[in-house]
Amino acid sequence: MSDQEQKKVKKGGLVFGIAIVVILALAGVIVYLLLSRNTEPEDERRNVVITPENVESVLEELDEAQESGYYTVTMNPTWHFKTGKEVSYDAVVENVAKNTNDVYFDIVLEEDEEKVLYKSPVIPRGGRLEEIILDDTLDAGTYNCVVIYHLIDEDQNTLSTLRVALEIIVEG
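Residues numbered from 1 in each chain as written. Predicted model: local features only at pLDDT ≥ 70, side-chain atom pairs only at ≥ 80, totals over all residues. Heavy atoms only, no water.

Q: Just to check I follow, could you spell out the pairing of strand E2 (residues 78-81) for this structure?
A: Regular strands show a simple pattern: their side chains alternate between the two faces of the sheet. Taking every second residue as pointing to the same face, the buried face of E2 carries Trp79 and Phe81, while none of Thr78 and His80 on the other face is buried. As defined by bridge partners, E2 adjoins strand E8 (residues 158-170) across four bridges and the pair is classed as parallel. Residue Thr78 lies in a different strand from E8, and its bridge partner there is Glu167. (Buried < 20%, exposed > 50% of the residue type's maximum accessible area, 1.4 Å probe, protein only. Helix = DSSP H or I, 4+ residues; strand = E, 2+ residues; numbered from the N terminus. Pairing = 2+ DSSP bridges.)

Q: Whenever I open this one, a negative patch on the surface confuses me. Can you help?
A: On the surface, a cluster of negative charge is made up of Glu110, Glu111, Asp112 and Glu114. For Glu110, the position within the fold is in the loop between strand E4 (102-109) and strand E5 (116-119). (Patch = residues over 30% accessible without salt bridge, like charges linked within 9 Å, V, L, I, M, F, W, Y side chains within 5 Å. Areas by Shrake-Rupley, 256 points an atom, 1.4 Å probe, with all protein chains shown as cover. Salt bridge = Lys/Arg side-chain N within 4 Å of Asp/Glu carboxyl O. Lys, Arg positive; Asp, Glu negative; His and termini not counted. Charge placed at Lys NZ, Arg CZ, Asp CG, Glu CD.)

Q: I'm lost on the pattern of salt bridges in this one. Help?
A: Opposite charge on two side chains permits pairing when their charged atoms draw close. Under the criterion given, the structure shown has five salt bridges. Between Lys115 and Asp136 there is a salt bridge, with its nearest N and O atoms 2.4 Å apart. Of this pair, Lys115 sits in the loop between E4 and E5 while Asp136 sits in the loop between strand E6 (128-129) and strand E7 (141-152), placing them 21 residues apart in sequence. Taking the relative accessible area as the measure of exposure, Lys115 reaches 30% and is therefore partly exposed. Put simply, Arg128 and Glu130 hold a salt bridge, and the shortest N to O gap is 3.5 Å. One connected set of salt bridges, linked through shared partners, spans Glu94, Arg128 and Glu130.

As structure tokens, then:
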């Protein structure tokens, strides 16, 4: 074999070796990406659409013990007041027994969260709050509000908060 042929064989072997290294590196990256993907199943409840036909079964699933750090809100989405100075005739907030924390909440206007309309007392697990009268008098109208729940520990330190939309209607 001549020197020129030997150089061609060495050059071809070098190119072949580099190609093998590149292919192995790509295969390693692909395997790493496939193995590092999050394979945890999605929370199936997120995909449930509640209809009149399945509402009972969904509620039964929710009756199971609540995980720590989660909170199930039980409240009316719209509260009615005959006047801005009277007790609501349909406002109800419940801290269901399966929740892991006591709560209190504040109601603020959606467009001005500095304006606090109501500050609740602490509602223990299994407790229910009714006959709610606003701390701030509102004129007749419809108000988009936010209920800010504070999940608290036994020393009443806030562990986390939860925000829920609320519509307040003052009739006259």
